[in-house]
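# Topology and contacts: notes
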Amino acid sequence: MASKLKIFSGIQPTGMLHIGNYLGAIKQWLILQETSDCIFCVVDYHAITVKYEPEEMQQRIFNAALDYLAAGLDPKKSIIFVQSHVPEHSELAWLLNTVTPVGELRRMTQWKDKISYEPKFEISINDSDFRHLKNTWKVINENILNGSNDISNITNRISRATKTAEKLLDLVEGMLEFDAKLNTIKAGLLNYPILMAADILLYKTHIVPVGEDQQQHVELTRTIARKFNSQFGETFIVPKAQLSQAQRIMSLADPTKKMSKSLGPKHYLALTDTPGTIREKISRAVTDVGSEGGEMSPGVKNLFVLLKEFGAPAEIKKFESAYADKTIRYSELKEALADAIVKKLNPFQNKRADLAKEPKKVWKILNDGAKKARPIAQKTLAEVKKKMGL
Ligand code: AMP
Ligand code: TRP
């Protein structure tokens, strides 16, 4: 029997997916599950590396499962499970911690982004301000010592010195804030990519379909696999990242930025948005930003990308030629696009609503998934521990 390619990917249970996630990730997974051995994991251990509400986590995991199943991930074809249901993930992560250099972790862009601090205050104080501040205090003291009543000269000095002191206080506030941030960053956030490497390596994965932002983490996974193999003997497959072919879907409200949940609701279309919400968000989508000289503005381009994904060929053609001969009316384009998206999301939303009424069935799918994943994970872990002399 020719063995199929093994695929692993994970998604954090954020509670809702948007059409960027669908077109950029899920759509690719649906194709892969037809030809390969796919494992899709709801990575709850990754989701707890940032602040969260424990009472909400089970619902977030459940919602993620609803999204994947309603979108078409099929438990008969793929293994779908929750990371924390297979304890081997955290056990392998610990073992990999012992071969991963801290320096590699500190180089990760996502780590740098997460710990980065946006300074709120600029340093606008110069040396002469400092000298002036110091001298002012000296002059005040001298006046007090002399018992002088001549304060006319001092008032002006104090006004400038006070401004300098206020700026200093701002800087102190900024530094305290930074210090607080530095001191609350958790080790889990730095070590996050090691857990991701464990997820991937446990299943002897060949291909990891991810977005561009995760490519560096897959590179690190390759490094960890190679280091382990050379230190303890050939054990892991060195996996490859497969970047999604889909274009980046841009924000509706600011088409120069990638559509993302963190930008706020008007920027994205959730797969669960009601038809009314979808129509409203699209009708407000920005179309007129930027270039005049013949080139399509980013907002219009984004709407065309979406129309090509969701619209009927005749309709796409109609708006493309209207754009070419400059008779296009964006309100019509938006209306057609909203209709197409509402129509396309309708079966997804119905299926999701049906599944939501059967939580036992959904949890059973996840539990069955874990039962299938676990023996594979146990086998790899046993091999790893043996090689490590444990
Ligand atoms: P995230 O929720 O950002 O972790 O992304 C989950 C998956 O969706 C990743 O594979 C991303 O590459 C993909 N994705 C997220 N946002 C977009 C977007 N605006 N356009 C295309 N793909 C996206
Ligand atoms: N870190 C990934 C993200 O934030 C999620 C993830 C965790 C993952 N483990 C993985 C992706 C293993 C692919 C393979 O998107």
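Only a predicted model underlies this, so the values are computations on that prediction, with no experimental measurement involved.

This part is about the overall build of the protein. The secondary structure content of the protein amounts to 15 helices and five strands. Against the globule reference of 21 Å for 390 residues, the protein gives a C-alpha radius of gyration of 28 Å, more extended than a compact globule. In terms of its C-alpha atoms, the protein occupies a principal-axis envelope of roughly 100 × 75 × 40 Å. Residue burial in the protein is summarised as follows: out of 390 residues, 42% are buried. Partitioning the intrachain contacts of the protein with sequence separation of at least 6 by distance along the chain shows that 78% fall at a separation of at least 24.

So, about the side chain of Thr205. Summarising the element assignment, Thr205 is placed in the loop between helix H9 (187-202) and strand S4 (207-210). A residue is classified by how much of its surface remains accessible, and Thr205, at 2% relative accessible area, is buried. Separated by 2.7 Å, the side chain of Thr205 and the backbone oxygen of Ile200 make a polar contact. Excluding residues that lie within four positions of it along the chain, Thr205 makes contacts with Lys6, Ile7, Phe8, Ile200, Ile237 and Pro239.

Quick look at the domain arrangement of the protein now. Parsing the protein into structural domains produces domain 1 (6-112 + 188-246 + 358-387), domain 2 (127-182) and domain 3 (261-356). The distance between the C-alpha centroids of domain 1 and domain 3 comes to 31 Å. Domain 1 puts 19 residues into the contact, and the matching count from domain 3 is 15 residues. Both faces considered, domain 1 and domain 3 share a buried interface measuring about 1,700 Å² in area, 67% of it formed by carbon and sulfur atoms. The closest approach of N and O atoms between Lys27 and Glu309, which form a salt bridge, is 2.7 Å.

Okay, the site of ligand 2 next. If you check the shell around ligand 2, you find 13 residues, and the closest are Gln12, Tyr192, Met196, Asp199 and Gln214. Here an oxygen atom of ligand 2 sits 3.2 Å away from a polar atom, N or O, in the side chain of Gln12. Look at ligand 2: alone it shows 370 Å² of surface, and the protein chains cover 90% of it. A molecule is said to occupy a pocket when more than half its atoms come within 2 Å of that pocket's grid points, and by this definition ligand 2 occupies the largest pocket. Secondary structure elements with two or more residues in the shell around ligand 2: strand S1 (6-11), H9 and S4. Among the elements that take part in the shell around ligand 2, H9 stands out by supplying four residues, more than any other. Residues that form the shell around ligand 2 fall into these classes: seven nonpolar, five polar and one charged.

Along the chain, Ala64 turns up in helix H3 (residues 54-71). Taking the C-alpha atoms as reference, Ala64 lies 7.2 Å from Val42; in sequence the two are 22 residues apart. In this structure Ala64 touches Pro13 and Val42, once residues within four positions along its chain are discounted.

For the pair H3 and helix H14 (residues 330-356), interaxial distance at closest approach is 9 Å and the crossing angle is 135 degrees. One way to sum up the angle between H3 and H14 is to call them oblique. Handedness of the crossing formed by H3 with H14: right-handed. Contact residues: Phe62, Asn63, Leu66, Asp67, Leu69, Ala70 and Ala71 in H3; Phe348, Lys351, Arg352, Leu355 and Ala356 in H14. When its residues are assigned to classes, the contact of H3 with H14 shows eight nonpolar, one polar and three charged.

A few words on the pattern of salt bridges. Counting across every chain of the model gives 21 salt bridges. Measuring nitrogen to oxygen at the nearest pair gives 4.0 Å for the salt bridge that ties Asp74 to Lys77. Note on Lys77: relative accessible area 41%, which makes it partly exposed. Across the pair Lys308 and Glu320 runs a salt bridge whose closest N-O atoms are separated by 3.4 Å. In this pair, Lys308 sits in helix H12 (residues 298-310) while Glu320 sits in helix H13 (residues 313-324), placing the two residues twelve residues apart along the sequence. Judged by its relative accessible area of 33%, Glu320 falls in the partly exposed class. Through salt bridges with shared partners, a single ionic network connects Glu34, Asp74 and Lys77.

What counts and what doesn't
- Sequence positions are assigned chain by chain, starting from 1 and proceeding in written order.
- Chain labels run from A onward and ligand labels from 1 onward, assigned in the order the entries are written.
- Only residues with pLDDT of 70 or above have their local features reported here, since the model is predicted, and side-chain atom pairs are shown and tallied only from 80 upward, although totals for entire chains, interfaces and linings are computed over all residues.
- Calculation of side-chain values draws on the structure's entire complement of heavy atoms; hydrogens and water are dropped beforehand.
- Where helices and strands are cited, they refer to DSSP runs of H or I of at least four residues and of E of at least two residues respectively, numbered from the N terminus.
- Within these notes, the globule rule equals 2.2 Å times the number of residues to the 0.38 power, and the radius of gyration is based on C-alpha atoms.
- Between buried and exposed lies partly exposed: a residue is buried under 20% and exposed over 50% of the maximum accessible area for its type, with that area taken using a 1.4 Å probe on protein chains only.
- A contact between two residues is defined here by any heavy atoms of the two lying within 4.5 Å.
- Whenever two N or O atoms come within 3.5 Å, that pair is a polar contact, provided that in protein one can donate a hydrogen and the other can accept it, and provided that, for residues adjacent in sequence, both atoms are side-chain atoms.
- Segmentation into domains, and thus their bounds, comes from an automatic or database assignment.
- Accessible area that two parts lose when put together, with a 1.4 Å probe and added across both, is what the buried area reports.
- The salt bridge definition used is simple: a Lys or Arg side-chain nitrogen within 4 Å of an Asp or Glu carboxyl oxygen.
- Whether a residue is near a molecule or strand is decided by its heavy atoms; if any one of them lies within 4 Å of it, the residue is near.
- Per-residue and other accessible areas follow the Shrake-Rupley method at a 1.4 Å probe size, with only the shown protein chains counted as cover for residues.
- Think of a 1 Å grid over the protein atoms and nothing else: a 1.4 Å probe that fits but is trapped marks a cavity, an open set flanked by protein within 12 Å on at least five of seven lines marks a pocket, and residues with an atom within 4 Å of a point count as lining.
- By definition, a pocket or cavity contains a molecule when more than half of the molecule's atoms lie within 2 Å of the pocket's grid points.
- Each residue receives one of three labels: charged for Asp, Glu, Lys and Arg, nonpolar for Ala, Val, Leu, Ile, Met, Phe, Trp, Tyr, Cys and Pro, and polar for the others, Gly being one of them.
- Note on definitions: angles span 0 to 180 degrees between N-to-C directions of axes, and those axes are lines fitted to C-alpha atoms, for helices only across the stretch in contact.
- Put simply, angles under 35 degrees are roughly parallel, angles over 145 are roughly antiparallel, angles from 65 to 115 are roughly perpendicular, and the rest are oblique.
- Each crossing is labelled by how the near helix is turned from the far one, with a counterclockwise turn of less than a right angle marking it left-handed and a clockwise turn marking it right-handed.

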